[in-house]
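In case you want the letters, here they are:
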Amino acid sequence: QMQLVESGGGLVQAGGSLKLSCVASGRPFNMHTMGWFRQAPGEDRECVAAMSIFEGATYYADSVKGRFTISRDNAKNMLWLEMGSLRPDDTAVYYCAAAPFLPITTTRRPTAADFTSWGQGTQVTVSS
């Protein structure tokens, strides 16, 4: 598997911003579609954003569209998620994930089953 390590989580007040980072190793980063998932207690893991290998296509969940931005740098083997206008409902463990050559569209929401490599997760807590 690809090894993925997230960082940047923490506690932030509603309306604030946070930027998550993910560093990949072990498998060719430029052969993988990358995504960010989140999981709240008792809830299923859901995709909030995903990006194709060469940034040609992105997906954003409706709940984060306009507030979150996914980006990647293949030369650095890194993935980021910029989060703004944070709300208490954004509170969750956020995971970086990789899927070999997964096609991305603006309308099809990627599922956790589509992804083969996962980071350990980083906690994001948004207080009201």
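*Asks:* What exactly am I supposed to notice about the packing of aromatic side chains here?
*Replies:* Each aromatic ring pair is described using two quantities: the centre-to-centre distance and the angle formed by the ring planes. Counted under the stated rule, the structure contains four aromatic pairs. Their ring planes at 55° and their centres at 6.3 Å tell us that F115 and W118 sit as a pair that is tilted. W118 gets classed as partly exposed once you look at its relative accessible area, which sits at 25%. Through a chain of ring-to-ring contacts, the aromatic side chains of F37, Y95, F115 and W118 assemble into a single cluster. Geometry around Y95 places R45 over its ring, the cationic atom sitting 3.7 Å from the centre. Just above the ring of W118 sits the side chain of R45; from NZ or CZ to the centre is 4.8 Å.

*Asks:* Looking at this structure, I do not really get the nonpolar core. What am I missing?
*Replies:* Nonpolar side chains tend toward joint burial in soluble globular proteins. Residues L4, L20, W36, I70, L81, M83 and Y94 are the most contacted members of the largest nonpolar core, which totals 37 residues. When residues of this core are traced back to their parent elements, those giving at least two are β3 (18-25), β4 (32-39), β5 (46-51), β6 (58-60), β7 (68-73), β8 (78-83), β9 (92-100) and β11 (122-127). Element by element, the count of residues in this core is highest for β9, at six residues.

*Asks:* Help me understand the sheet that holds β3, please; the structure alone is not making it clear to me.
*Replies:* Adjacent strands of a sheet pair through backbone hydrogen bonds, lying either parallel or antiparallel. Spatially, β1-β3-β8-β7 is the arrangement adopted by the four strands of the open sheet, whose pairing is antiparallel. If you trace the sheet from one side to the other, it starts and ends with β1 (3-7) and β7, each paired once. For this sheet the average axis-to-axis angle between neighbouring strands, irrespective of direction, equals 15°. Of the strand pairs in this sheet, β3 and β8 are connected by six bridges, and their pairing is antiparallel. Bridge pairing in β8 places C22 opposite L79.

Cut-offs used in this document
- Residues numbered from 1 in each chain as written.
- Predicted model: local features only at pLDDT ≥ 70, side-chain atom pairs only at ≥ 80, totals over all residues.
- Heavy atoms only, no water.
- Phe/Tyr/Trp six-rings, centres within 6.5 Å; stacked < 30°, edge-to-face > 60°.
- Buried < 20%, exposed > 50% of the residue type's maximum accessible area, 1.4 Å probe, protein only.
- Lys NZ or Arg CZ within 6 Å of the ring centre and 35° of its normal.
- Core = buried A, V, L, I, M, F, W, Y, C linked by side-chain atoms within 4.5 Å.
- Helix = DSSP H or I, 4+ residues; strand = E, 2+ residues; numbered from the N terminus.
- Pairing = 2+ DSSP bridges.
- Axes fitted to C-alpha atoms, helices over the stretch in contact; angles between N-to-C directions.

Geometric descriptors of this kind do not, in isolation, establish any biological role.
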